[in-house]
Every structure is written in structure tokens, then in C-alpha cells.
Amino acid sequence: MTTSKLLTAYDQQLRTDAETPSAVAVERLGPLRLVTFAGGRGFVTYQDLAGADAATIARWVAETVAFYRADPDIVRVEWKTRGHDNAPGLHEALLENGFEPDETESVMIGDASALDVDVDLPPGVSLRRVTDEPDIRAMSAMQDEVFGSPVSDGNAEAILRRMARGDGMELWVAEHQGVIVSAGRLEPVPDTDFAGIWGGATREEWRGRGIYRAVTAARARAAMSLGKTLIHSDSTEYSRPILERYGLVRVSTTTPYRWRR
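Residues numbered from 1 in each chain as written. Predicted model: local features only at pLDDT ≥ 70, side-chain atom pairs only at ≥ 80, totals over all residues. Heavy atoms only, no water.

Draft legend 1. Quick peek at the packing of aromatic side chains. Summed over the entire model, instances satisfying the criterion amount to four aromatic pairs. With a centroid separation of 6.1 Å and 65° between ring planes, the pair formed by Y46 and W79 is classed as edge-to-face. Taken together, the residues Y46 in the loop between β3 (41-45) and α2 (54-69) and W79 in strand β4 (residues 76-82) connect sequence positions 33 residues apart. On the numbers, 5.0 Å between centres and 75° between planes, the contact of F67 with Y68 is edge-to-face. On the basis of relative accessible area, F67 is assigned to the partly exposed category, the value being 31%. In this structure an aromatic cluster arises from ring pairing among Y46, W79 and F99. Stacked on the ring of Y238, the Lys or Arg R207 has its end atom at 5.6 Å from the ring centre. (Phe/Tyr/Trp six-rings, centres within 6.5 Å; stacked < 30°, edge-to-face > 60°. Helix = DSSP H or I, 4+ residues; strand = E, 2+ residues; numbered from the N terminus. Buried < 20%, exposed > 50% of the residue type's maximum accessible area, 1.4 Å probe, protein only. Lys NZ or Arg CZ within 6 Å of the ring centre and 35° of its normal.)

Here it is, written out as C-alpha cells:
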């Protein structure tokens, strides 16, 4: 598929309710979807901004903040922007309403089969899918450490809640002598051609040895076993070149803007 067709598939299949399968509630504001997740998290997304002008977009941003402020349980909100959207004045409106931009990532899409490669793992390193609570907590703690966040129960509890719902998410890890050294999630998207690969993290001392590639290949094989043909991921500058080497292409960018109470 061409880059243009991949981007069209992304917009039409993923920028819908399929993007937020674990939502507790969803409210509409024009084209915006104001999503509430468990754990006090809000999330704003949309398929497009319907050709709105800067004044209209600024009003939507202000109304969005007011909506989440009115819910005392909401402590943080992410507004997910995409680089190919026509969004006049959005950046300025978000800043004026207390949002702060995070790191821009690449939206990567490609054939799942392109990621199904054989990788020679370092001696003593093995792959497996995890489902038990102790493994999930260990995986979450490792990811917190790698991403430079304080290790907390919050992320682990969110993952455990999702596992309890059985929404199709799979967790894959690489470990050495019982210690998790790399991990990532697979999230099949119902009623689409897509599965997402998320949360890829590898301990610094284990990087550059093929482990991330192996975890990614395992997730791609799992996706294909579920009938998914396309993989998508929001990738950092660390993981983007790895995915490009295996045939995924950068179709756009995404920048999360974050608001905290």
C-alpha cells in the first residue's frame, strides 16, 4: 500500500471509537471525542476538525478544559494531535488553556508480515507472553524505570483492569534469568485490519542486541494469528529506525498535549 492509502486507512479505521476500547465514558463536542478512562484520565481525539477556523477551535479547547474541570476525579488530560490535520490555531489555544506539548512521535504503519523476522537472541534471553499479576507488575515497573517515571502501582493497575476485561490486549516480554529486560503490548483493534504495538521498552544495558526486534516480531506473529494485516505504532526516535528497517513507513506525526489539574 502507498503511504497515502496507509494514512487513509489510519484515519478511517483507527480514529473512531476503535481508538479507545477501554473508555469509561465518551462525550461529543463537535467533532471531538472527550473520553474518560479509569484512574482519573481524560483523553481528547477526533477523526478531523471538520474544517473549523481558529476561533471555533479555541472555543472547543476552552470548553474541553471546562468539561474535565467539572469532574473532580479527572486529574490529567491528554489531547492527541496529528501532524497532517488542518488545525488552525490549535497549538496556541492548547497552550493558552494550560496544556503542555510532549515529545512528537512518528505514526508508523506497515504490513504485519514485514515484522515477522527471525532474531538470534543473546544467550539466556527468552520471550514469552505474560498474563499473571506478578509478571504484569514486574513488566510495568520495568517500563516505568526505562521511561524515567517513578515506579508506581497506577500503570500496573490500569493494565490489570484491562486484562480483566479481556479486550484482546497481549503482553510480551523478554527476560534474562527471571528478570524482564524488554517488553511491549499488542492491541488488536476490533473490526479493523490493524493491531497496535505499544509500550516498547528495553533496559539500557540490553539495547542494541536485537531484543526489541524480537519482542516486536513476536507481537507481529500474534497479530497475524488474529487475522490482522497491518501494524501501527506511535514511535520514538529510538524505535522508528528499527520499524523502518522492517518495512513500516512514517505516515504522519503525533504530539500529545498534557493538562494536569
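Let us keep going from here.
Draft legend 2. Spotlight on the packing of helix α4 (residues 133-146) against helix α5 (residues 153-165). Close contact between α4 and α5 brings their axes to 9 Å; oriented N to C, the two are set at 135°. On the basis of the axis angle, α4 is oblique to α5. As α4 runs across α5, the sense of the crossing is right-handed. The residues of α5 that touch α4, namely those facing E133, I136, R137, M139, S140 and D144, are D153, N155, A156, E157, I159, L160 and M163. For the contact of α4 with α5, the per-class residue count stands at six nonpolar, two polar and five charged. (Axes fitted to C-alpha atoms, helices over the stretch in contact; angles between N-to-C directions. Parallel < 35°, antiparallel > 145°, perpendicular 65-115°, else oblique. Left-handed = near helix turned anticlockwise from the far one by under 90°. Contact = heavy atoms within 4.5 Å. Nonpolar A, V, L, I, M, F, W, Y, C, P; charged D, E, K, R; others polar.)

Draft legend 3. Highlighting α5. Taking 1.5 Å per residue as the helical rise, α5 with its 13 residues ought to reach 18 Å, and the 18 Å between its terminal C-alpha atoms agrees with that figure. Every buried residue of α5 is listed here: A156, I159, L160 and R162. When α5 is viewed along its axis, its buried side chains cluster within an angular range of 160° and face the same direction. Opposite the buried face of α5, by more than 90 degrees, sit the exposed residues D153 and A164. On its buried side, α5 packs onto α4, β8 (170-176) and β9 (179-188). The backbone nitrogen of G154 lies 3.4 Å from a side-chain oxygen of the residue at the head of α5, namely S152. (Expected span 1.5 Å × (residues − 1). Arc of directions from axis to C-beta. Polar contact = N/O pair within 3.5 Å; in protein donor to acceptor, adjacent residues only side chain to side chain.)

Draft legend 4. Representation of the layout of surface pockets. Here the second largest pocket is characterised by a volume of approximately 160 Å³. Forming the boundary of the second largest pocket are Y46, T81, R82, G83, D85, A87, L90, H91, T253, T255 and Y257. Residue assignment for the lining of the second largest pocket shows that the elements contributing at least two residues are β4, α3 (90-96) and β12 (249-260). Per element, the largest residue contribution to the lining of the second largest pocket is three residues, and it comes from β12. Residues belonging to the lining of the second largest pocket are distributed by class as follows: four nonpolar, five polar and two charged. (1 Å grid on protein atoms, 1.4 Å probe; cavity = no way out; pocket = protein on both sides within 12 Å on 5 of 7 lines; lining within 4 Å. Points joined across faces, edges and corners; volume = space filled by probe spheres on them.)

Draft legend 5. Local environment of the nonpolar core. Core analysis: the biggest nonpolar cluster contains 23 residues, and L115, I231 and L243 have the highest contact counts within it. Put simply, the parts of the chain that give this core at least two residues each are β8, β9, β10 (194-202), α6 (211-225) and α7 (240-245). Per-element accounting of this core gives the leading share, seven residues, to α6. Dropping the residues within four chain positions of it, L115 is found in contact with I197, T216, A217, A220, I231, L243, Y246 and L248. (Core = buried A, V, L, I, M, F, W, Y, C linked by side-chain atoms within 4.5 Å.)

Draft legend 6. Structural detail: helix α1 (residues 3-14). Between its terminal C-alpha atoms α1 stretches 16 Å, which fits the 16 Å expected from 12 residues at 1.5 Å a residue. Within α1, the full set of buried residues consists of L6, L7, A9, Y10, D11 and L14. Against the buried residues of α1 lie β4, β6 (105-111), β10, β11 (230-235) and β12.

Draft legend 7. Region of the structure containing the environment of E27. Of note, E27 is situated in strand β1 (residues 25-29). On the basis of relative accessibility, which here comes to 43%, the residue E27 falls in the partly exposed class. Linking E27 and G83, residues 56 residues apart in sequence, is a C-alpha distance of 24 Å. In this structure, E27 is in contact with L32, R33, L34 and F67, ignoring residues within four places of it in sequence.

Draft legend 8. Region of interest: the pairing of β12. Sheet topology places β4 next to β12; seven bridges connect them, and they run antiparallel. The residue bridging V77 from the neighbouring strand is W259, located in β12. Two strands pair when backbone bridges link them, and strand β5 (residues 100-101) and β12 are joined in this way by two bridges, in the antiparallel orientation. Looking at β12, one finds that E100 is bridged to R258. Sheet topology places β6 next to β12; five bridges connect them, and they run antiparallel. Residue pairing across strands places E105 opposite T254, the latter belonging to β12. (Pairing = 2+ DSSP bridges.)

Functional significance is not addressed by these values, which are geometric in nature.
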